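Here's the letter readout for the chains.
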Amino acid sequence: MRTTSKGRRVGGREEVSWQGKKADKSSFQLLSPYKLLNAYPHTLLPCILLLAGCSGTRFVPENDKLYTGSAVKVTSPYKVPNETALTTELESVITPKPNASILGLRPKLYFWHMGEGKTKGLGKWIADKYGEAPVLLSQVDTQKVKNLMLNRLYNNGFFAGPVVQSKVTAKGRAATVDYTAKVQKAYTIKEIHFPDRDTLIDNDIRKAQAGSLLKVGDPYNLNVLIAERTRIDNALKQTGYYYFAPDYLLYEVDSTEHNTVDVYLRVKGSIPKRAAKPYVLNRVTLNTRFGLTDTTESIKPILYQKYRYVPDEKVFKARAITRATFLYPDSLYRRRRQDQTLSRLMSLGTFKFVDIQFRPARQKPDSAGYGFLNAQVRMTQLKRKSWRSELQWVTKTNGFSGPGFTVQFRNRSALRGAEQLLVNLNGAFETRQVGRGQTDAASGTALGVTSYELGINAQLLVPRFIAPFDIKLRESDFQPRTTFGAGYRYVGRRGLFQEDFFNLNYGYSWKTKITNEHTFKPIDLQFVRLGSRTDAFDRLLDDKPFLRTSFLQQFIPATSYLYTYNTQMYEQRRNQVYFTGGIELAGNLASLFGQSGGTGKPDEIFGQAFSQYTKVDLEFRNYFRVSQDPRSGNKIATRVLVGLGMPYGNSSIMPYLKQYGSGGPNSVRAFAARELGPGTYKPVDQTQTAANFYDQVGDLRFEANAEYRQDLIPYVKGALFIDAGNVWLVKEDPDRPGSKFEAKSFLQQLGVGAGAGLRIDVQFLVIRLDAAYPLRAPYGTPLSQSPRLNLAIGYPF
């Protein structure tokens, strides 16, 4: 049976339609932009775009043609294994690459022409920045390309006389070069032979055979052979062979009948002696003062748990460093332990640089075929104590925004065990945008739209687990942490109320791998106290019984767990995923304590009411890069948010600060913060700002966002987006009709908006401006059909 691949065009032919007739672009006689400006100033932009798109062949010399791409076809009387991958590999050697094309048009050629013959000026700058010289047919070396293709065919096991042919197809002032590769049956692997000598290194190589990438019956492939050699080198590095290298392995391939080969893996006979033996760590020196002074070498090390430790007892206790060190004296060298030590020490957050040097132990002779290494771990400290202050523009999910400040004190080894102490003092003055005529019905003034906030909090991050039982996580590259936190925050809403928030927490965070992070807080206690309040707020609480319950003075004794999976650190991947899933349980232990305490008040603890609920939050994001270039910012970003809070026991309503809102610059951007929901509920009086703001929250949230991001010019990106979302109540509220969640109709109750935006992205700061147009409100036609502008810091997701 004869199979033929369809072939794929690399580049594309230069053909357009003009006034209903098909014509080559060389037939166009186009005016310069300067003549267009004089003749038709109001049509300058369309004409420039036309020039940019249709001038592809105007700049080609008379005796040459514009090279517009190539196609590759593979033909064989036999089935071609991995034909698509083979075709892609053959395409990769085609040179030169044709000029960049957008829907068959090549605007970069025109930009290049704008700077032709110029040494300065706008035209020269545009040409250098965005232009591209024409790629000509005379620049195509078909013989070189065919030789490279033949080499790739041999590498893929097509040893039986492969032939590569080329064909030039000209059309007007443009031309393509197509290649056809004719191959016979690919050779496959019949037998695989690992080293069989009775030596230590051959024996260790044979131990790695079980995970071999080479399989009997697979096609011969040079790339697989190279990958297998690297795999074996990694395996040897885990068993002491510090000086071994992949190049010390070679393959002998014997062809047999019926298009098969026998593969023999050998160790070269001329490798250095030190590469053929495993090494044991003899002496391990931990130097925490490297680079701090010029007298480091004069400081006498001390012995601690067999380590030579260069002390800095004013900053670190020795055990704080040895806990993060996985290179043990008298143990076999393993690259995994080397990498793990580097990662753990850097994750302490107390060192600027860490490196490890290995040298042969000169005063200790080899023993039983093993050599010995001395290791020196050199650590350069960050400044132990530091202050940092920031001025910020704060944007919150509840719609409040305004200037803020943070002053932070950090001690990177507060208790001489690499514990980090952070103390933050922060404050903010925020306002919420009020539409025309939006006032309190009784007072006639806008209430609650100005907020004052001042808080202080402290965290102690201990780089190990502090628990009743021993947890080591020896295989993790990242240092686990135990966190102790406490804080106080004061919030005042002008014309409404003052509120105090106290929090106390204790928990753990750890990573099992670079993509997986866990956070567990067995104790996360908050106390909310409603202070002085105005008559206007009292009237609001009287009108809204659910708000009165939500704002009760109460404890929130919670336990929470959060799992995060994130592949965004793999920048080479075209598709990146981010997922978080968390659960929070509140009041269960307090309820048991209240019942067992014999007080007869299971809804109180220490004479104070507490909340009881379960809350689950899920977030999924996907980032797909449109271009194969990892430096490109052109991507499709999507997000789905799902949240559910269930009050039970002694609580009928979730605490207000735990409820969900929808709308705002990081949510459904066509609507103001908390303007959507719950459900189809629509406030009766849209002018009552205070009531509306507190009304529109719920127990359940669903949001979905999609955004296309495009690089425009350096540091500036554009975006097109669509958002949808809403919140609902688990139980019906008579004061907010239509607010209960119904599975059969919730999709029809989503608020939907779409728009476009600009982002100024200078890596450490992103300023975002979005204009969003409301398409649908949960209750039908949006109250306002004008676009909403959102100015924010950072990406929405």
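Since the model is a prediction, treat every value here as computed from it, not as a measurement.

The rules behind the values
- Residues numbered from 1 in each chain as written.
- Predicted model: local features only at pLDDT ≥ 70, side-chain atom pairs only at ≥ 80, totals over all residues.
- Heavy atoms only, no water.
- Helix = DSSP H or I, 4+ residues; strand = E, 2+ residues; numbered from the N terminus.
- Buried < 20%, exposed > 50% of the residue type's maximum accessible area, 1.4 Å probe, protein only.
- Contact = heavy atoms within 4.5 Å.
- Areas by Shrake-Rupley, 256 points an atom, 1.4 Å probe, with all protein chains shown as cover.
- Phe/Tyr/Trp six-rings, centres within 6.5 Å; stacked < 30°, edge-to-face > 60°.
- Lys NZ or Arg CZ within 6 Å of the ring centre and 35° of its normal.
- Axes fitted to C-alpha atoms, helices over the stretch in contact; angles between N-to-C directions.
- Left-handed = near helix turned anticlockwise from the far one by under 90°.
- Nonpolar A, V, L, I, M, F, W, Y, C, P; charged D, E, K, R; others polar.
- 1 Å grid on protein atoms, 1.4 Å probe; cavity = no way out; pocket = protein on both sides within 12 Å on 5 of 7 lines; lining within 4 Å.
- Points joined across faces, edges and corners; volume = space filled by probe spheres on them.
- Core = buried A, V, L, I, M, F, W, Y, C linked by side-chain atoms within 4.5 Å.
- pLDDT = per-residue confidence, 0-100.
- Pairing = 2+ DSSP bridges.
- Polar contact = N/O pair within 3.5 Å; in protein donor to acceptor, adjacent residues only side chain to side chain.
- Patch = residues over 30% accessible without salt bridge, like charges linked within 9 Å, V, L, I, M, F, W, Y side chains within 5 Å.
- Salt bridge = Lys/Arg side-chain N within 4 Å of Asp/Glu carboxyl O.

Caption draft 1: Spatial organisation of the overall build of the chain. Assigned secondary structure in the chain consists of 14 helices and 34 strands. Relative to its 797 residues, the chain shows a buried fraction of 45%. Pairs at least 24 apart in sequence give 65% of the contacts found in the chain among residues at least 6 apart. Of the roughly 40700 Å² that the chain leaves accessible, carbon and sulfur atoms contribute 56%.

Caption draft 2: Broad picture of the packing of aromatic side chains. In this structure the tally under the stated criterion is 26 aromatic pairs. A centroid spacing of 5.2 Å and a plane angle of 50° characterise the contact between Tyr242 and Phe358, whose relative ring orientation is tilted. Here the residue Tyr242 occupies a position in the loop between α8 (222–237) and β10 (249–256), and Phe358 occupies one in strand β15 (residues 351–360), the gap between them amounting to 116 residues. Looking at Tyr242, the relative accessible area reads 23%, which means it is partly exposed. A relative accessible area of 10% places Phe358 in the buried class. Following the ring pairs from residue to residue traces out a cluster consisting of Tyr242, Tyr243, Tyr279, Tyr333 and Phe358. The residue whose ring lies beneath Arg274 is Tyr243, and the NZ or CZ to ring-centre distance is 4.1 Å. Positioned over the ring face of Tyr578 is Arg621, at 4.3 Å from the centre of the ring.

Caption draft 3: Main features of the environment of Asp128. Turning to its location among the elements, Asp128 is positioned in helix α5 (residues 122–130). The sequence separation of Asp128 and Trp112 amounts to 16 residues, and the corresponding C-alpha distance is 7.3 Å.

Caption draft 4: Local environment of the packing of helix α4 (residues 107–114) against α5. The interhelical angle for the contact between α4 and α5, taken along N-to-C directions, is 145°, at an axis separation of 7 Å. As for how α4 packs across α5, the hand of that crossing is left-handed. In this structure, α4 contributes Lys108, Phe111, Trp112 and Met114 to the contact, and α5 contributes Gly123, Ile126, Ala127 and Tyr130. A per-class count over the contact of α4 with α5 returns six nonpolar, one polar and one charged.

Caption draft 5: Highlighting empty space enclosed by the protein. The tally for this structure, following the rule as stated, stands at two cavities of 30 Å³ or more. Approximately 30 Å³ is the volume found for the second largest cavity. As for the second largest cavity, its lining consists of Val315, Phe316, Thr350, Gln381, Leu382, Arg384, Arg412 and Ser413.

Caption draft 6: Broad picture of the nonpolar core. Ile205, Leu286, Ile321, Leu345, Phe358, Val377 and Met379 are the most contacted members of the largest nonpolar core, which totals 37 residues. Put simply, the parts of the chain that give this core at least two residues each are α7 (200–207), α8, β11 (260–267), β12 (279–287), β14 (307–310), α9 (318–322), β15 and β16 (371–381). In terms of nonpolar packing, the next biggest core, distinct from the first, is built from 20 residues, Val80, Leu90, Ile94 and Val140 among them.

Caption draft 7: Region of interest: the confidence of the model for the chain. The predicted model of the chain has a mean per-residue pLDDT of 84, with 86% of residues at 70 or higher. Overall, residues 1–55 carries pLDDT values under 50, and its contacts beyond four positions in sequence, including any with other chains, amount to 101 contacts. Confidence over residues 687–691 falls short of pLDDT 50; this stretch has 16 contacts with residues more than four positions distant or in other chains.

Caption draft 8: A look at the sheet that holds β16. An order of β13-β14-β12-β16-β15 is seen for the five strands of this open sheet, with the pairing classed as mixed. The open sheet has two edge strands with one neighbour each: β13 (302–304) and β15. Each strand of the sheet is rotated relative to its neighbour by a mean of 25°, with strand direction disregarded. Sheet topology note: the β15/β16 ladder contains nine bridges and is antiparallel. Bridge pairing in β16 links Val354 to Met379. Packing of helix α10 (residues 335–347) onto the sheet brings it into contact with β15 and β16, and relative to β15 it is tilted by some 155°.

Caption draft 9: Quick look at the side chain of Asn634. In this fold, Asn634 is placed in the loop between β28 (613–625) and β29 (635–647). Residue classification places Asn634 among the buried residues on the basis of a relative accessible area of 15%. Polar side-chain contacts of Asn634 include one of 3.3 Å to the side chain of Gln710. From its side chain, Asn634 meets the backbone nitrogen of Asp711 in a polar contact 2.7 Å long.

Caption draft 10: A look at the packing of helix α3 (residues 83–91) against helix α6 (residues 142–155). At a minimum axis separation of 9 Å, α3 and α6 run at an interaxial angle of 145°. The handedness of the crossing between α3 and α6 comes out as right-handed. Contacts between α3 and α6 pair Leu86, Glu89 and Leu90 from the former with Met149, Arg152 and Leu153 from the latter. Class assignment of the residues belonging to the contact of α3 with α6 gives a composition of four nonpolar, no polar and two charged.

Caption draft 11: Spatial organisation of the pairing of strand β24 (residues 554–566). Bridge count between strand β23 (residues 516–533) and β24: eleven bridges; the pairing is antiparallel. Bridge pairing links Asn516 to Tyr565 in β24.

Caption draft 12: Molecular detail of the environment of Ser401. Here Ser401 is to be found in strand β18 (residues 400–411). The spatial distance from the C-alpha of Ser401 to the C-alpha of Glu430 is 4.8 Å, given a sequence separation of 29 residues.

Caption draft 13: Fine view of a nonpolar patch on the surface. On the surface, Ile760, Phe764, Leu765, Ile767, Leu769, Leu789, Leu791 and Ile793 cluster together into a nonpolar patch covering about 810 Å² of accessible area. Within the residue set of the nonpolar patch, elements represented by two or more residues are β33 (766–776) and β34 (788–793). If you tally residues by element for the nonpolar patch, the top one is β34, at three residues. With respect to the secondary-structure elements, Ile793 resides in strand β34.

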